[in-house]
Amino acid sequence: MQSLYVEGNSAMHRLSPRVKLVSLAIVSVVLFISENIALLSVAVLLAAIVCRMVGMPMAEGLRRLRPIFLTIAVVALFNLIFNPWHDALVTLLRLTALMLLAAAVTATTTIAQFIDEVTALARPLERTGRVQADDIGLAIGLVLRFVPEILGRHQAIREAHRARGLKIRPTTLLAPLIILTLRDADNVAAAIDARGIRRHGN
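Reading the values: the criteria
- Residues numbered from 1 in each chain as written.
- Predicted model: local features only at pLDDT ≥ 70, side-chain atom pairs only at ≥ 80, totals over all residues.
- Heavy atoms only, no water.
- Axes fitted to C-alpha atoms, helices over the stretch in contact; angles between N-to-C directions.
- Helix = DSSP H or I, 4+ residues; strand = E, 2+ residues; numbered from the N terminus.
- Parallel < 35°, antiparallel > 145°, perpendicular 65-115°, else oblique.
- Left-handed = near helix turned anticlockwise from the far one by under 90°.
- Contact = heavy atoms within 4.5 Å.
- pLDDT = per-residue confidence, 0-100.
- Salt bridge = Lys/Arg side-chain N within 4 Å of Asp/Glu carboxyl O.
- Expected span 1.5 Å × (residues − 1).
- Buried < 20%, exposed > 50% of the residue type's maximum accessible area, 1.4 Å probe, protein only.

### Side note on the packing of helix 3 (residues 37–52) against helix 5 (residues 85–107)
Where helix 3 contacts helix 5, the axes come no closer than 8 Å and their chain directions differ by 25°. In terms of their interaxial angle, helix 3 and helix 5 are classed as roughly parallel. Remark: the crossing between helix 3 and helix 5 carries left-handed chirality. Taken together, the residues of helix 5 that come into contact with helix 3 (itself represented by I37, L40, S41, A43, V44, A47, A48, V50 and C51) are W85, H86, L89, V90, L93, T96, A97, L100, L101, A103 and A104.

Put into structure tokens, the structure is as follows:
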């Protein structure tokens, strides 16, 4: 499976994963509270600088973020159609800043670090007897692993369609994508059960 992590020794890489995750959560709340265009514009600029500090080539960074940015642009466009331009611009700036910051955190934090931090933060919830912190950490880790894999597979299916001269349609792309993803999910689930990872207390 692919990983969104980028090897490096930048300030973001050296920062504690917990500090990055908590800071991202706090900044996210601030971004969604504020509707000041000047403040949000500064946030986008600062987020772009932080993202650039990761050390990833610009072309690679744009390639990774292009699908997300297109989604943000569509959301902003719908806002522009049904709401005042100010609301649309706020949405665009807010989501762009958040996307860039999340990309920087993801690129400088390994999946193992994500799992460890999420598991540690979820540990107090075990006292309720309803959840297992290890299961939550494992679920988050699997999502982080599968997202880039699904995106890569989607691109491969598109290229295969182009090579065969087939018209690219959502229906023809989704079917093989879902089948391949479910097959991989079954394989991962079988591997987890074989190793007894989820047999708590047995």
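Read on for the rest.
### Topic: the confidence of the model for the chain
Across the chain, the average pLDDT comes to 78, with 79% of residues at 70 or higher. Per-element confidence in the chain ranges from a low mean pLDDT of 67 for helix 8 (residues 170–195) to a high of 91 for helix 3.

### Thoughts on the packing of helix 2 (residues 17–33) against helix 5
For the pair helix 2 and helix 5, the least separation of the axes is 10 Å and the interaxial angle reads 180°. It follows that helix 2 is roughly antiparallel to helix 5 by the angle criterion. Residues K20, L21, L24, V27, S28, L31 and F32 of helix 2 form the contact with helix 5, whose participating residues are R94, L95, A97, L98, L101, A102 and V105.

### Let's talk about the pattern of salt bridges
Opposite charge on two side chains permits them to pair, given that their charged atoms come into close proximity. In total, this model carries one salt bridge according to the counting rule given. The closest approach of N and O atoms between E117 and R18, which form a salt bridge, is 2.7 Å. Residue E117 is located in helix 6 (residues 111–122), and its partner R18 is located in helix 2; the two are separated by 99 residues in the primary sequence.

### Points about helix 6
Taking 1.5 Å of rise per residue, the 12 residues of helix 6 would be expected to cover 16 Å, and the 16 Å separating its terminal C-alpha atoms lies within 8% of that figure. Inspection of helix 6 places I111, F114, E117, V118, T119 and A122 among the buried residues, and these make up the whole buried set.

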